[in-house]
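Survey of secondary and tertiary structure
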Amino acid sequence: MTENREKIEAVQRMQDYIIAHYREDITLKDLAAAAAYSPWHALRAFTELLGKTPFAYLRSVRLTEAAKKLRD
């Protein structure tokens with residue numbers, strides 16, 4: 001597997017973790033474990049590929065879910 005493909009899959013695992021656990025307190029350590037990366041590498045890979053930190057992504061997931069609840 002290429003390094004880039006591995007990074008993409010690691011970031012996808014972090015996104016999946018965030019979506020599954022967005023109602024909970026999530027730490028960088030949790031995300032790193034989901035990605036099987038060190039916290040530093042997890043943060044760097046996520047930010048590099050998505051252009052935002054994992055916590056900015058988490059905030060957007062929470063806001064989206066809140067908006068859905070208000071709509072429904």
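Look a little higher up for the structure.
Computed from a predicted model, the values in this text were never measured in an experiment.

The subject of this paragraph is unusual backbone geometry. Despite not being glycine, A36 shows a phi value in the positive range, around 60 degrees. Mapped onto the secondary structure, A36 falls in the loop between α2 (28–35) and α3 (39–50).

Right, let's talk about helix α1 (residues 3–21) for a bit. Its 19 residues place the ends of α1 27 Å apart at the C-alpha level, agreeing with the 27 Å of an ideal helix rising 1.5 Å per residue. Considered for burial, the residues of α1 that qualify are K7, A10, V11, M14, Q15 and I18. The buried residues of α1 occupy an angular sector of 140 degrees when projected down its axis, which confines them to one face. Turning to α1, the residues buried within the fold contact α2, α3 and α4 (54–71).

Scanning the entire structure with this criterion turns up four salt bridges. Of the charged contacts in the structure, one is a salt bridge between K68 and E65, with a shortest N-O distance of 3.3 Å. Of this pair, K68 and E65 are both found in helix α4, three residues apart, which corresponds to roughly one turn of the helix. The exposure class assigned to E65 is partly exposed, which follows from its relative accessible area of 24%. For the salt bridge of R71 with D72, the shortest nitrogen-to-oxygen distance reads 3.0 Å. For the pair shown, R71 and D72 are each scored as exposed.

Rules of the game
Residues numbered from 1 in each chain as written. Predicted model: local features only at pLDDT ≥ 70, side-chain atom pairs only at ≥ 80, totals over all residues. Heavy atoms only, no water. Helix = DSSP H or I, 4+ residues; strand = E, 2+ residues; numbered from the N terminus. Expected span 1.5 Å × (residues − 1). Buried < 20%, exposed > 50% of the residue type's maximum accessible area, 1.4 Å probe, protein only. Arc of directions from axis to C-beta. Contact = heavy atoms within 4.5 Å. Salt bridge = Lys/Arg side-chain N within 4 Å of Asp/Glu carboxyl O.

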